[in-house]
Amino acid sequence: MTATMPEQRFLPRESLQTLFDVLAERGYRTIGPVVLDKAIQYVELSDASALPTGWTDDQQPGHYRLTQVESPRCFAWANGPQAFKPYLNRSREVLWESRRDSEGNLEFVLPTPTDKPLAVIGARACDLAALALQDRHFLDQARDPGYAARRASLFSVAVHCTHPATTCFCVSTGDGPRATSGFDIALSELDDGYLVETSSDTGRALAAALPLQPADDEHNRAAAAEIDAVAQRQCRQLPSDDLRQTLFSRLDHPRWEDVAARCLSCGNCTSVCPTCFCHSERDQVELGGARSQHLREWDSCFSEGHGHLHGFQVRPETRHRYRQWLTHKLDSWHDQYGRSGCVGCGRCITWCPVGIDLTAEAHAICDDAIEPEDSA
Amino acid sequence: MSPNLPRQAEVVDRTEESPSTFTLHLRLTDGAPYRFDPGQFNMLYLHGAGEVAISIVAGDAQAGVLTHTIRALGRVTKGLQQLGVGEHIGLRGPFGQGWPMQQAQGRDLVIVTGGLGCAPAVSIVHHVLDQRTRYGRLSILQGVKHTDDLIWREQYAAWAQLPNTQVLLAADVAAPGWRGHVGQVTALFDQLELDAPRSSAMLCGPEPMMQAAAEQLHARGLTADAIFLSMERNMQCAIGHCGHCQIGPDFVCRDGPVFPWPRLRPLLGVRGF
Ligand code: SF4
Ligand code: SF4
Ligand code: FES
């Protein structure tokens, strides 16, 4: 890894604010991590002092706690419940508006994008991998105009991950801890500052406006070692990054019943997952009835309405829903988008109220199918 | 035309098919061309209420009129039922993969429909009658729960009179005077004049019926890849975005609604997909 590392420069910690200032000067609305409601969340911010300096996290299945430690670092934590997905794939969005005149004629209008270009500071490798998947979903075959507009203007500042949670398994999915694509600038955080690398023209132009210094060998070595150490610390993994056929050939495995008995069908896992794309559509009429907005809102394959047809419910029971979630995420995504739908962020494990761990479920269902000689 | 935005359509005519079923004849008011394949569907939008996916029964390119037969079941369809001639709705489409009419040219067609899911099947009949010489024998097998559910009786009777056309009807429960079969539609296969190697089958209706029909036709000599099914799922976006219509790896709105049977066979009848 170290050998192919791109050329890096050094941004002293006290100059981090310049990054915010330069983004603001260029017209970006910047979002980044802060501590909000006892969790790391991404909100609009203009000041480096709002970053979660000295905060770190403890995550376990069904467990998330932040604690403060004596550290100058701002990115010494693993992801909270959401990163920047809601800023691109909004939890609620107007798709179009229907306007009816006094004669009963209808006119259909797409909303005009009015957003400022968006910059995200602190994007993690897992979330950038998820972004690439959301891009394929919302841009490739049918183009979603709202998503496309926001996506085109996105400037991303990645921060390589050095503090995985116990729930993380991005090494196993091949998506982290180092961000390798999808960013304009990437930072490696050290105690005294940041190593800065760029991977796009916009990124290089912006970096040119930062007070960067040459990076010394000690910085390079320390940063690489911290990222490499993450691999040693992650204990979870999926049975394989390609479970195609394996899950679908085991639809009768007793473990589906077992997990269904624990799962509450609450949909938390789907609402924190950075790759989930399901949404429902509905109309919201203005008072008077002349205008009606056609809305999109996040939905979940665990919801009652997801599989609803008149006179028929495709997924009446929790076991059907959990099986849909897991087979889609780890299997059908390969056919749909050429890879698994899981980037190993571990959120669904942390935020599941009963601590269901999809890696454990996948192992229970798949292991004896993949390695018959290893099965107990 | 953006698949994301409805166009305005005017109700130019409406037909009451049964107390709960009606047909809307729609004309797009923008005058722009509209082409569809039999088996494709549109999203019809009722102002203030929402959209529903409705199969296109027929289209008259010259008059620019599109026909949709709808069952009043939910809020939107019940609202559509109230519409009168001259009123306006929104229309997005056409969407999805229709029946393989090109591939079926020169072959005999066996159409099997059950319940009230007959609109996609009727679109095939219209297409075949339009281009009659391109297709071989046409067999239409329609099953319903109760004879009262059978709409388009006169149309079936008229089709039965056409040369090289066989119409077979079945009802689980028959009213007095019913001349068709009493029982399931698949029981009609015994009466079917079938030249299996040169036949393609197109099925629509309840999944257990389609599954049984596909298996039986296959057992009677049709190759698996000559059997096609039109699927129904919760559809909200019609463009492969909302995720509701998925069956395994397929988005029914985009990869279907018509699928070759082998594509669906592994998951057909598996609860939850
Ligand atoms: S399935 Fe779970 S671990 Fe995988 S990307 Fe989604 S939330 Fe993260
Ligand atoms: S797996 Fe956990 S988070 Fe997901 S629906 Fe079930 S209980 Fe909720
Ligand atoms: S109807 Fe939305 S994905 Fe198919």
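Computed from a predicted model, the values in this text were never measured in an experiment.

A. Structural detail: unusual backbone geometry. Residue and element names in this part refer to chain B. Here the bond from G93 into P94 is cis, since omega is 0°, no more than 30 degrees from zero. Within the secondary structure layout, P94 lies in strand β7 (residues 88-95). Cis peptide bonds are those with omega within 30 degrees of zero, and the linkage from G256 to P257 qualifies with 5°. Phi at N164 is positive, roughly 60°, even though this residue is not glycine. By the element assignment, N164 lies in the loop between α3 (153-160) and β10 (165-173).

B. Structural detail: the nonpolar core. If you look at the biggest cluster of nonpolar residues, it comprises 106 residues, and the most contacted ones within it are A:F84, B:V112 and B:L203. For this core, the element with the most residues is helix α3 (residues 125-140) of chain A, which contributes nine residues. Ignoring any residue separated from it by four or fewer positions in sequence, one finds B:V112 in contact with B:L141, B:V185, B:F189, B:M202, B:L203, B:C204, B:M209, B:A213 and B:L217. Within the second largest apolar cluster, 31 residues are counted, among which are B:C118, B:V144, B:W152 and B:A171.

C. The arrangement of the site of ligand 1 in detail. Residue and element names in this part refer to chain A. Surrounding ligand 1, one finds 13 residues, the nearest of these being C273, C342, C345, G346 and C348. Those elements that provide at least two residues to the shell around ligand 1 are α10 (318-337) and α11 (347-350). Its residues assigned to classes, the shell around ligand 1 comprises nine nonpolar, two polar and two charged.

D. Expanded view of the domain arrangement of chain B. All names here are of chain B. Partitioning chain B into domains gives domain 1 (7-95) and domain 2 (108-264). Computed over C-alpha atoms only, the centres of domain 1 and domain 2 are separated by 22 Å. Contact residues are listed per partner, giving 17 residues for domain 1 and 18 residues for domain 2. Taken over both partners, the interface formed by domain 1 and domain 2 buries close to 1400 Å², and the fraction arising from carbon and sulfur atoms is 70%. For the pair domain 1 and domain 2, the number of links is zero salt bridges. For the side of domain 1 that touches domain 2, the secondary structure elements donating two or more residues are β1 (7-18), β3 (41-46), β4 (50-55), β6 (65-71) and β7. In terms of residue count, β4 provides more of the side of domain 1 that touches domain 2 than any other element does, three residues in total. Its residues assigned to classes, the side of domain 1 that touches domain 2 comprises eight nonpolar, five polar and four charged.

E. Examining the domain arrangement of chain A more closely. All names here are of chain A. Taken as a whole, chain A is organised into domain 1 (9-233) and domain 2 (248-365). For domain 1 versus domain 2, the separation of C-alpha centres amounts to 25 Å. Taking both partners together, domain 1 and domain 2 bury about 3700 Å²; carbon and sulfur atoms supply 53% of that area. Among the residues domain 1 hides against domain 2, the three largest losses belong to R92, L133 and F169. Together they make up 17% of the total. The interface formed by domain 1 and domain 2 includes six salt bridges. Applying the counting rule to domain 1 against domain 2 returns 32 residue pairs in polar contact (both at pLDDT 80 or more). Elements with a minimum of two residues in the side of domain 1 that touches domain 2: β4 (55-60), β5 (63-68), α2 (85-88), β6 (92-100), α3 and α5 (170-173). Of the residues belonging to the side of domain 1 that touches domain 2, the class tally is 16 nonpolar, 14 polar and eleven charged.

Cut-offs applied
- Residues numbered from 1 in each chain as written.
- Chains lettered and ligands numbered in written order.
- Predicted model: local features only at pLDDT ≥ 70, side-chain atom pairs only at ≥ 80, totals over all residues.
- Heavy atoms only, no water.
- Helix = DSSP H or I, 4+ residues; strand = E, 2+ residues; numbered from the N terminus.
- Core = buried A, V, L, I, M, F, W, Y, C linked by side-chain atoms within 4.5 Å.
- Buried < 20%, exposed > 50% of the residue type's maximum accessible area, 1.4 Å probe, protein only.
- Contact = heavy atoms within 4.5 Å.
- Near = heavy atom within 4 Å.
- Nonpolar A, V, L, I, M, F, W, Y, C, P; charged D, E, K, R; others polar.
- Domains from an automatic or database assignment.
- Buried area = accessible area lost by both parts, 1.4 Å probe.
- Salt bridge = Lys/Arg side-chain N within 4 Å of Asp/Glu carboxyl O.
- Polar contact = N/O pair within 3.5 Å; in protein donor to acceptor, adjacent residues only side chain to side chain.

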